[in-house]
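Single-letter residue listing:
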Amino acid sequence: MTPRWHPDSLADRLPFLRRRARLTAATRAFFEARGYTEVETPYAVPAPSEEVHLLPFATEGIAPDGTREKLWLHTSPEFAMKRLLVAGAGPIFQFARVWRNGEGSTRHASEFTMLEWYRPGFGMGDLMDEVEALFRAVLPPEIRVSGATIDLTRFERLTVAEAFRRHAGADVLGTAGDAEALAASAGMALRPDENWEDLFFRLLLARVEPAIGRPHPTFLTHWPAAQAALAQRDPADPRVAERFELFVHGIELANAFVELTDAIEQRARFVADRARRHALNGAEDWPLDEEFLAALAHGLPACAGIALGFDRLAMLAGDADRIDQVLWL
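Residues numbered from 1 in each chain as written. Predicted model: local features only at pLDDT ≥ 70, side-chain atom pairs only at ≥ 80, totals over all residues. Heavy atoms only, no water.

## Description of the sheet that holds strand β2 (residues 44-45)
Argument step 1. Strand order in the open sheet formed by three strands is β2-β4-β3, and the pairing between neighbours is antiparallel. A single partner strand is all that each edge strand has here, and the edge strands are β2 and β3 (57-62).
Argument step 2. Bridge count between β2 and strand β4 (residues 68-73): two bridges; the pairing is antiparallel. Note that in β4 the partner of A44 across the bridge is L73. (Pairing = 2+ DSSP bridges. Helix = DSSP H or I, 4+ residues; strand = E, 2+ residues; numbered from the N terminus.)

Below, the structure is given as structure tokens:
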């Protein structure tokens, strides 16, 4: 295999990389024109996240007096950026390098770039409108993905419940927490020790994701409350969270929330997630991010935020087949 530093290797990637550079400049201009401030937050942190299925990279900080502190490379800048919102930073965005251990495929890299932004006062509809405006500003009206043409002149907005009904024949809200009922509604056999959440994601990956985001991008909205993560529940229907993900040609591109502002509920969710993470893999632990929870208690303004995989956006912009084509090294 030709080393990535070899001139022939760079020559093959250079058209994709130059397109990525133009995309970066256009994205930055988009947010600056809308009154956002670009920020940078620390990468090595005492608590990387509370995501159940993500594995962080461990490192160590050594102070001038020799004191050592266990640190982690963050899997998202979310906690830090929300602390800035509490401090009064207003609308903010960041091109953040993030790390997720054990990941790697044609669409995954263990180190990658996340475009993350937050706007006080926004709801879920506002944020979807802004994502559409971003795409119109930085991409052509049509793009090619794996030989298919994707029309970016309109976006579909589809609830998780309707997507599962349409593409998996399953009732996710009516069977919430009942794995056997979900399996029966989907006409699938339940695997040994498979719980409702396991089956939910098996159906999502096997039946729903491959069917959405074509020929138009799809916002998959109103996730079951069990997948609320850091989103608030929908006041009109507490069975679901004000969360959406964006799919293009079956590719997950972004994850967004109307942000949870209740520190007590957030702490309870963190504790539950930590218990699930320990049960799944017994991973090495880190302390709860008490600074983040204190900031949340101080007062996070009502806001919405989104994390978008910028390398995948660069793949779409340049019609790249593999994520390594849009990475410099």
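## Things to note about helix α8 (residues 290-299)
Argument step 1. Residues of α8 that are buried include every one of F292, L293, A295 and L296, and no others. Taken around the axis of α8, the buried residues stretch over an arc of 160°, which confines them to a single face. The exposed set on the far side of α8, more than 90 degrees from its buried face, consists of E291, A297 and H298.
Argument step 2. Among the structural elements, α2 (78-87) and α7 (263-281) are those in contact with the buried residues of α8. (Buried < 20%, exposed > 50% of the residue type's maximum accessible area, 1.4 Å probe, protein only. Arc of directions from axis to C-beta. Contact = heavy atoms within 4.5 Å.)

## Focus on the packing of α2 against α8
Helices that pack against each other are described as a pair by the angle of their axes relative to one another and the distance between those axes.
Argument step 1. Where α2 meets α8, the axes come as close as 9 Å, and the angle between the chain directions of the two elements is 30°. Put simply, α2 runs roughly parallel to α8. For the element pair α2 and α8, the recorded crossing hand is left-handed. Contact residues: F79, K82, R83 and V86 in α2; E291, F292, A295, H298 and G299 in α8.
Argument step 2. Tallied by class, residues from the contact of α2 with α8 come to four nonpolar, two polar and three charged. (Axes fitted to C-alpha atoms, helices over the stretch in contact; angles between N-to-C directions. Parallel < 35°, antiparallel > 145°, perpendicular 65-115°, else oblique. Left-handed = near helix turned anticlockwise from the far one by under 90°. Nonpolar A, V, L, I, M, F, W, Y, C, P; charged D, E, K, R; others polar.)

## Here we look at a nonpolar patch on the surface
Argument step 1. Residues W5, W328 and L329 make up a contiguous nonpolar surface patch of roughly 470 Å² in combined accessible area.
Argument step 2. Note on placement: W5 falls in the segment before α1 (7-33).
Argument step 3. Classification of W5 by relative accessible area gives exposed; the value is 65%. (Patch = residues over 30% accessible without salt bridge, like charges linked within 9 Å, V, L, I, M, F, W, Y side chains within 5 Å. Areas by Shrake-Rupley, 256 points an atom, 1.4 Å probe, with all protein chains shown as cover. Salt bridge = Lys/Arg side-chain N within 4 Å of Asp/Glu carboxyl O.)

## Re the side chain of Q266
Argument step 1. Along the chain, the position of Q266 falls in helix α7.
Argument step 2. Ignoring anything within four residues of it in the chain, the contact list for Q266 reads A229, L230, L260, F292, L293 and L296.

## Overview of helix α3 (residues 124-138)
Argument step 1. A rise of 1.5 Å per residue sets the reference length of α3, with its 15 residues, at 21 Å; its end C-alpha atoms lie 21 Å apart and thus fit the reference within 8%.
Argument step 2. Where α3 is concerned, the buried positions are M124, L127, M128, E130, V131, E132, A133, L134, F135 and V138. (Expected span 1.5 Å × (residues − 1).)

## Thoughts on the packing of aromatic side chains
Argument step 1. Throughout the structure, instances matching the rule amount to 18 aromatic pairs.
Argument step 2. Summarising the aromatic geometry, the rings of F219 and F244 are spaced 5.2 Å apart at their centres and angled 80° between planes, so their arrangement reads as edge-to-face. Of the two residues, F219 is situated in strand β10 (residues 218-224) and F244 in strand β12 (residues 237-248); the sequence distance between them amounts to 25 residues.
Argument step 3. For F219, a relative accessible area of 0% gives the class buried.
Argument step 4. Arranged with centres 6.1 Å apart and planes meeting at 40°, the rings of F270 and F292 form a pair that is tilted. Placement of the pair is F270 in helix α7 and F292 in helix α8, with a sequence separation of 22 residues. Each of the two residues, F270 as well as F292, counts as buried.
Argument step 5. Taken together through their ring pairs, the aromatic side chains of F30, F31, Y36, F93, F95, W117 and F310 make up a single cluster.
Argument step 6. The ring of W223 carries the charged tip of R243 above its face, separated from the ring centre by 4.3 Å. (Phe/Tyr/Trp six-rings, centres within 6.5 Å; stacked < 30°, edge-to-face > 60°. Lys NZ or Arg CZ within 6 Å of the ring centre and 35° of its normal.)

## A look at the environment of F112
Argument step 1. Along the chain, the position of F112 falls in strand β6 (residues 111-120).
Argument step 2. According to the relative accessible area criterion, F112 is buried, its value standing at 10%.

## Points about the pairing of strand β7 (residues 142-145)
Argument step 1. The alternating pattern of β7 places I143 and V145 on a buried face and E142 and R144 on a face that is not buried.
Argument step 2. Taken together, the four bridges between β7 and strand β8 (residues 148-151) define a ladder with antiparallel strand orientation. Bridging from a neighbouring strand, V145 pairs with A148 of β8.
Argument step 3. Joining the antiparallel neighbours β7 and β8 is a turn of two residues, in which S146 adopts a positive phi near 50°.

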